[in-house]
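So you can see what is in the structure, the chains are spelled out below.
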Amino acid sequence: MGQFFKFTLASVLGVILAIFLSIFILIGMMTAAISAGDEETVVEENSILRIKLNYPLNDRSVNDPTSIMNLSDFGKENPGLNEIIKSIEKGAEDPNIKGIYLNAPDVSGGPAQLEEIRKALLKFKESGKFIVAYATGYGQGAYYLASVADEVYLHPEGMILFKGFASEMMFYKGLFEKLDVEMQIIRHGKFKAAVEPFMLDKMSESNREQNTALLTSLWSNILNEISASRNISIEKLNEAADQLSLDNPKKALELKFIDGIKYPDEISALLKEKTEKAEDDDLEFLSISKYKNSAFFKENKVAKDKIAVIYAAGEIKAGKGNDTYIGEENIRKALIKAREDDRVKAIVMRVNSPGGSALVSDLIWREVTLTTPVKPVVVSMGYVAASGGYYISCAADYIYADPNTITGSIGVFGMIPNVNGFMTNKLGITFDEVSTNENGNYITINKALTPYQREVIQSSVERVYDSFITKVAKGRNMTKEDVDRIGQGRVWSGSQAIEIGLVDELGGMNEAIVKAAELAEIETYKLKELPVQKDPFQQILEDLTGQSSSIMMKHYLGEKYKYVEMMENMENRAVIQARLPFGMSSIK
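Cut-offs and rules
- Residues numbered from 1 in each chain as written.
- Predicted model: local features only at pLDDT ≥ 70, side-chain atom pairs only at ≥ 80, totals over all residues.
- Heavy atoms only, no water.
- Helix = DSSP H or I, 4+ residues; strand = E, 2+ residues; numbered from the N terminus.
- Contact = heavy atoms within 4.5 Å.
- Areas by Shrake-Rupley, 256 points an atom, 1.4 Å probe, with all protein chains shown as cover.
- Phe/Tyr/Trp six-rings, centres within 6.5 Å; stacked < 30°, edge-to-face > 60°.
- Buried < 20%, exposed > 50% of the residue type's maximum accessible area, 1.4 Å probe, protein only.
- Lys NZ or Arg CZ within 6 Å of the ring centre and 35° of its normal.
- Pairing = 2+ DSSP bridges.
- Patch = residues over 30% accessible without salt bridge, like charges linked within 9 Å, V, L, I, M, F, W, Y side chains within 5 Å.
- Salt bridge = Lys/Arg side-chain N within 4 Å of Asp/Glu carboxyl O.
- pLDDT = per-residue confidence, 0-100.
- Expected span 1.5 Å × (residues − 1).
- Axes fitted to C-alpha atoms, helices over the stretch in contact; angles between N-to-C directions.
- Parallel < 35°, antiparallel > 145°, perpendicular 65-115°, else oblique.
- Nonpolar A, V, L, I, M, F, W, Y, C, P; charged D, E, K, R; others polar.
- Core = buried A, V, L, I, M, F, W, Y, C linked by side-chain atoms within 4.5 Å.
- Lys, Arg positive; Asp, Glu negative; His and termini not counted.
- Charge placed at Lys NZ, Arg CZ, Asp CG, Glu CD.
- Left-handed = near helix turned anticlockwise from the far one by under 90°.

Trainee: Just to check I follow, could you spell out the overall build of the chain for this structure?
Mentor: Counting secondary structure elements, the chain contains 22 helices and 20 strands. Put simply, 75% of the contacts in the chain that link residues at least 6 apart link residues at least 24 apart. Element-wise, carbon and sulfur atoms account for 53% of the exposed surface of the chain, whose accessible area totals about 27,700 Å².

Here is the structure:
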């Protein structure tokens, strides 16, 4: 028996030592990877800035915990929109950068984000340097981006997916009926379609109307820009989309969507010619991840004053918040920090959010109103700044949106599931209760709301909606009646929003920063990005404790994650919501 315990103890100790050794080795490898990622990049003469965009595009780079699955990529952040645009701008000035090679077959950014990259590329062309685009096939967003290039090429067996925009919604009414689940919905706003998937089996006429108007506006913006770059009429562009004509490279060439059909080796030869390389020389490619570590890219301004850029991205909900969602603390603390920093003379808040909790939105709105009397606040709207996303924006001194931004959705709703039928009829589970007061069981998912309880929630929805439009009216110098007329949950494109007074000017992050400097009356400044991001080790520790498991799931499920997320978040959402209609931000 003594031998047994001895060998057992030895085995346990061996396992523990092996675990600790593995952890130390892993930490060493991660440290080496991070250190390698921080090394300064030397930009050789005749280098080409290579833009791939083969990852989810965020306004700001995100510490991706899933990179631990591939240690060779660990510590390499996927560049955010801010770094992409800055790389393009710096590349135009850098004497060692000869041109840009746009090698992006598909991109996952929204139309407004791609529009900002496209504007930066148009500006880059003014330097006289080349932009060559090539892919084995182009997605619709990728082609929109590529169309700005001096020369666009396609693989001989490739195709261009060019078909127009569509917004598809999934409806759950039939599923809940089969499960005996009743979705109890209270809303204000005939266009507030966020709840429709849970109460209908198809779009309402008002929702179909706003979807059609929104998509038509976004598609018109895209067509106008492609038409200007490729010298193809709007009529011909729509004809190609309707007939799916671009599945054939020869047809794409004939219709002038591309400038040639080439294999990768032919593109290499073309790029060598443009960079004056010999046939047997290697091309000097630089990714944005590498270029951002070069001396030319890094901030070299000597300036006392700062402009704080606060990134507010993701759904608005309870919690601290992080790179992927707006919580109760992260944006409020960032505003307070910027407001109390004497060196920060102005604030730009980059909003990319479909909204969420009305309460958390109001907390952030309050911080904006406390900040504007102290220093200027300018909002730059990204892909989507709707409902709660607009709520937190409306008190700013000035608002910019891209033409393809999705905004508005000024409306409120409440949604509480009643699962009593499901539990009883499907699972045989019943409930009983005792209560000290008449409404002691208020807001439970195990029984239906009483008429009085429903009336209380409706009253709350109406009160929050009235508060919402009052704040928009004050921030935008409009009457409540005017806001209500363009509110009711209706969604608008940036192009439409400027016509009805919801935004001040069309433009992106750069324009917002310039405006902030103008309002603060400063000429030389540095940018200070907030909230401060966690270092990779801290991020991993959070992942190990389960705080970022959703990011892991998103990594594995990709596009399909949005359906899991919608169902998963139902129980985590506040009762009163100010949120964009589900699925509307998934335009493709």
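Trainee: For this particular structure, what's the right way to read the packing of aromatic side chains?
Mentor: Remark: the centre distance and the inter-plane angle together describe each pair of aromatic rings, the angle taken between the planes. Across all of its chains, the model carries 13 aromatic pairs by this definition. An angle of 35° between the planes, with centres 4.6 Å apart, marks the rings of tyrosine 391 and phenylalanine 468 as tilted. Here phenylalanine 468 lies in helix H16 (residues 451-476) and tyrosine 391 lies in helix H14 (residues 388-391), a separation of 77 residues in the sequence. Residues tyrosine 398 and tyrosine 400 carry aromatic rings whose centres are separated by 5.3 Å and whose planes lie at 55° to one another, so their mutual orientation is tilted. For tyrosine 400, a relative accessible area of 4% corresponds to the buried category. Each member of the aromatic cluster is reached from another via a ring pair, and the members are Tyr138, Tyr143, Phe162, Phe165, Trp219 and Phe257. Against the face of tyrosine 325 rests lysine 317, its NZ or CZ located 4.9 Å from the ring centre. Over the ring of tryptophan 365 we find lysine 471; its NZ or CZ atom is 4.3 Å from the centre of that ring.

Trainee: Before we go on, may I ask you to explain the pairing of strand E2 (residues 97-102) in this structure?
Mentor: The two faces of a sheet get side chains in turn, since along a regular strand they alternate between them. Most of E2 sits out of view: five of its six residues are buried. Here strand E1 (residues 47-51) runs beside E2; their pairing, made up of five bridges, is parallel. Its bridge partner lying in E2, isoleucine 48 is registered against glycine 99. Relative to strand E3 (residues 130-135), E2 runs parallel, the two being bridged by four bridges. When the bridges of E3 are listed, glycine 99 appears paired with phenylalanine 130.

Trainee: Explain the sheet that holds E2 here, please?
Mentor: What holds strands together in a sheet is hydrogen bonding between their backbones, with the strands either parallel or antiparallel. Here we have six strands laid out as an open sheet, ordered E6-E4-E3-E2-E1-E7, and parallel in their pairing. In this open sheet, the two strands that pair with only one neighbour each are strand E6 (260-261) and strand E7 (285-287).

Trainee: Hey, could you run me through a nonpolar patch on the surface in this one?
Mentor: Together, Leu427, Ile429 and Phe431 make up a nonpolar patch on the protein surface, roughly 260 Å² of accessible area in all. The class for isoleucine 429 is partly exposed, based on a relative accessible area of 35%.

Trainee: Please clarify how the confidence of the model for the chain should be interpreted in this entry.
Mentor: Regions with low pLDDT should not have their predicted coordinates read in detail. Taken over all residues, the pLDDT of the chain has a mean of 87, while the share at 70 or more is 81%. Ignoring residues within four places in sequence, the model shows residues 32-36, a span with pLDDT below 50, making six contacts including any to other chains. Counting interchain partners and residues more than four positions distant, the pLDDT-below-50 stretch residues 66-75 has 22 contacts.

Trainee: Sorry if this is basic, but what is going on with H16 here?
Mentor: Think of an α-helix as 3.6 residues a turn; residues three or four steps apart then line up on the same face. In this model, H16 (26 residues) spans 37 Å end to end at C-alpha, consistent with the 38 Å of a helix rising 1.5 Å per residue. For H16, the set of buried residues is Gln453, Ile457, Ser460, Val461, Val464, Tyr465, Phe468, Ile469, Lys471, Val472, Ala473 and Arg476. Looking one or two residues past H16, asparagine 477 carries a phi angle of roughly 55°, positive in sign.

Trainee: What exactly am I supposed to notice about the packing of helix H12 (residues 330-340) against helix H13 (residues 358-371) here?
Mentor: In a pair of packed helices, the angle between the axes and the distance between the axes together describe the arrangement. Their axes nearest at 9 Å, the elements H12 and H13 cross at an angle of 10°. In terms of their interaxial angle, H12 and H13 are classed as roughly parallel. Contacts from Ile331, Arg332, Leu335, Ile336 and Arg339 in H12 reach Leu363, Ile364, Glu367, Val368, Leu370 and Thr371 in H13. Of the residues contributing to the contact of H12 with H13, the split by class is seven nonpolar, one polar and three charged.

Trainee: Help me understand the pairing of strand E8 (residues 306-313) in this model?
Mentor: With respect to burial, E8 is a largely interior element, seven of its eight residues being buried. Across eight bridges, the pairing between E8 and strand E11 (residues 344-353) is parallel. What sits directly across from isoleucine 307, in E11, is alanine 346.

Trainee: Got a minute to help me understand the environment of glycine 128 in this structure?
Mentor: Tracing the backbone through its elements, the reader meets glycine 128 in the loop between helix H3 (111-125) and E3. When its relative accessible area of 68% is taken as the criterion, glycine 128 is described as exposed.

Trainee: Teacher, can you tell me more about the nonpolar core here?
Mentor: Core analysis: the largest hydrophobic core is formed by 52 residues, its most contacted members being Ile310, Met349 and Ile410. Among the elements that take part in this core, H16 stands out by supplying eight residues, more than any other. Contact partners of isoleucine 410, with chain neighbours within four places excluded, come to Tyr390, Tyr465, Phe468, Ile469, Val472, Val483, Gly487, Gln488, Gly489, Arg490 and Leu502.

Trainee: Where do I start with a negative patch on the surface in this structure?
Mentor: Together, Glu44, Glu45, Glu279, Asp280, Asp281, Asp282 and Glu284 give the surface a local cluster of negative charge. Here glutamate 284 shows up in the loop between helix H10 (264-274) and E7.

Trainee: Please clarify how the pattern of salt bridges should be interpreted in this entry.
Mentor: Close approach of charged atoms allows side chains with opposite charge to pair. For the coordinates displayed, the defined rule picks out 25 salt bridges. In this structure, glutamate 116 engages arginine 350 in a salt bridge whose closest nitrogen and oxygen atoms are separated by 2.8 Å. With glutamate 116 in helix H3 and arginine 350 in strand E11, the pair connects residues that are 234 residues apart, well separated along the chain. Judged by its relative accessible area of 4%, glutamate 116 falls in the buried class. The salt bridge involving arginine 476 is made with aspartate 504; its shortest N-O contact spans 2.9 Å. Remark: aspartate 504 occurs in the loop between helix H18 (494-500) and strand E18 (505-506) and arginine 476 occurs in helix H16; sequence separation between them is 28 residues. Note on aspartate 504: relative accessible area 29%, which makes it partly exposed. The structure contains a network of salt bridges with shared partners spanning Asp59, Glu116 and Arg350.

Trainee: What am I meant to see in the packing of helix H7 (residues 205-230) against helix H8 (residues 234-243) here?
Mentor: One way to put it is that H7 packs onto H8 with a least axis distance of 9 Å and a crossing angle of 115°. Crossing handedness for the pair H7 and H8: right-handed. Only Ile234, Leu237, Asn238 and Ala241 of H8 make contact with H7, whose side of the interface consists of Trp219, Leu223, Asn224, Ile226 and Ser227. When grouped by side-chain class, the residues that make up the contact of H7 with H8 number six nonpolar, three polar and no charged.

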